[in-house]
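Now for the letters of each chain:
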Amino acid sequence: MQQTRKMGGNYSGKGWAVVTGASSGMGLAFARELARRGQKVLAVARRRDRLEALAREVAEQGGSLVALAADLGTMEGLELVVMGLTSLDKIDLLVNNAGIATSGDFQGSSLEKELSAIRLNVDAVMTLTHVVLGEMLRRGHGTIINIASVVAFQPFPHFAVYAASKAFVLSLTEALAEEVKSSGVRVLALCPGAAKTEMSVFSRNEGLLGKLPSLSADQIVKTALQAVQRRRVVKIVGWLNRMLVFQNRFLPRAVVRWMMGVIAKPPSDHAVPR
């Protein structure tokens, strides 16, 4: 795992935007849109070939994107990305998008796969946030977007560890936003629902979940960047998702658990990366 060109150096204009999980889906959409807006982008993902193709695409359009192939679910990959971040001159934006959706009933799942999901969905998010936040606070400027999920607001049978990991991301992000609210640094928890991406375990679920409308990655990215401008701390994407979270306030917890347990069927695929 190594980067495809030298990072850091003397650049003028805007600082860096770092996007994890940038080879597909929302991460790819974030990387493209930020490069289009003139941001220097460090794109992180496991799949080197896709990152290099993205770097060529951005360069052809006059943008600047550096590809860093690393698996954030491993200690080696996480350390490589941390080294990459510390080598950049200034980071204006971090998008913690990389994640994996494990699924199936918990007892029948592989413990190692569930722990690996926690390393990616929780450990990597917390580590990269900690790495960039200190410098942002010293400068009094910067933005962190952590991708949570609409499932972060309630337990989700058949996706128990995934939902729990996103609940961690939501809680951490809200707490950090309160801690830094007077610093000039913005922290956003983005909570989309089912999306038309390679992580299709939700949008193509055979239960009611798969019949609900799915958002495009571009729609989600547009909403996220608007939410940052409006200084939002939590942004639930999609009116139906907002209604789901709103009704949870009035329903008994037992009803919420039952409802979440019946809207999705246990999928056959047990781990879908983003």
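Residues numbered from 1 in each chain as written. Predicted model: local features only at pLDDT ≥ 70, side-chain atom pairs only at ≥ 80, totals over all residues. Heavy atoms only, no water.

Considering all chains together, one arrives at two aromatic pairs under this definition. Measuring from ring centre to ring centre gives 5.1 Å for phenylalanine 246 and phenylalanine 250, while their planes differ by 65°; the resulting arrangement is edge-to-face. Classification of phenylalanine 246 by relative accessible area gives partly exposed; the value is 39%. Accessibility expressed as a relative area gives 59% for phenylalanine 250, which makes it exposed. (Phe/Tyr/Trp six-rings, centres within 6.5 Å; stacked < 30°, edge-to-face > 60°. Buried < 20%, exposed > 50% of the residue type's maximum accessible area, 1.4 Å probe, protein only.)

In this section: helix 4 (residues 111–139). Look at helix 4: 41 Å from first C-alpha to last across 29 residues, which is about the 42 Å you get at 1.5 Å a residue. In the structure, helix 4 departs most strongly from a straight axis at aspartate 123, where the bend amounts to approximately 35°. Looking at helix 4, one finds that the buried residues are Glu114, Ala117, Leu120, Asn121, Val122, Ala124, Val125, Leu128, Thr129, Val132, Leu133 and Met136. With its phi angle positive at about 70°, glycine 140 sits one or two positions after the end of helix 4. (Helix = DSSP H or I, 4+ residues; strand = E, 2+ residues; numbered from the N terminus. Expected span 1.5 Å × (residues − 1). Bend = angle between axes of the 7 residues up to and from the residue.)

Taken together, the side chains of Leu251, Val255, Trp258 and Val262 define a hydrophobic patch exposed on the protein surface, amounting to about 360 Å² of accessible area. You can see valine 255 is positioned in helix 8 (residues 253–263). The exposure class of valine 255 is partly exposed, given its relative accessible area of 33%. (Patch = residues over 30% accessible without salt bridge, like charges linked within 9 Å, V, L, I, M, F, W, Y side chains within 5 Å. Areas by Shrake-Rupley, 256 points an atom, 1.4 Å probe, with all protein chains shown as cover. Salt bridge = Lys/Arg side-chain N within 4 Å of Asp/Glu carboxyl O.)

In this section: helix 3 (residues 75–86). Taking 1.5 Å per residue as the helical rise, helix 3 with its 12 residues ought to reach 16 Å, and the 16 Å between its terminal C-alpha atoms agrees with that figure. Listed in full, the buried residues belonging to helix 3 are Gly77, Leu78, Leu80, Val81, Gly84 and Leu85. Down the axis of helix 3, the buried side of the element spans an arc of 160°, and every buried residue falls inside it. Exposed and oriented more than 90 degrees from the buried face of helix 3 are Met75, Glu76, Met83 and Thr86. The secondary structure elements touched by the buried residues of helix 3 are strand 1 (16–20), strand 2 (40–45), strand 3 (64–69), strand 4 (91–96) and helix 4. (Arc of directions from axis to C-beta. Contact = heavy atoms within 4.5 Å.)

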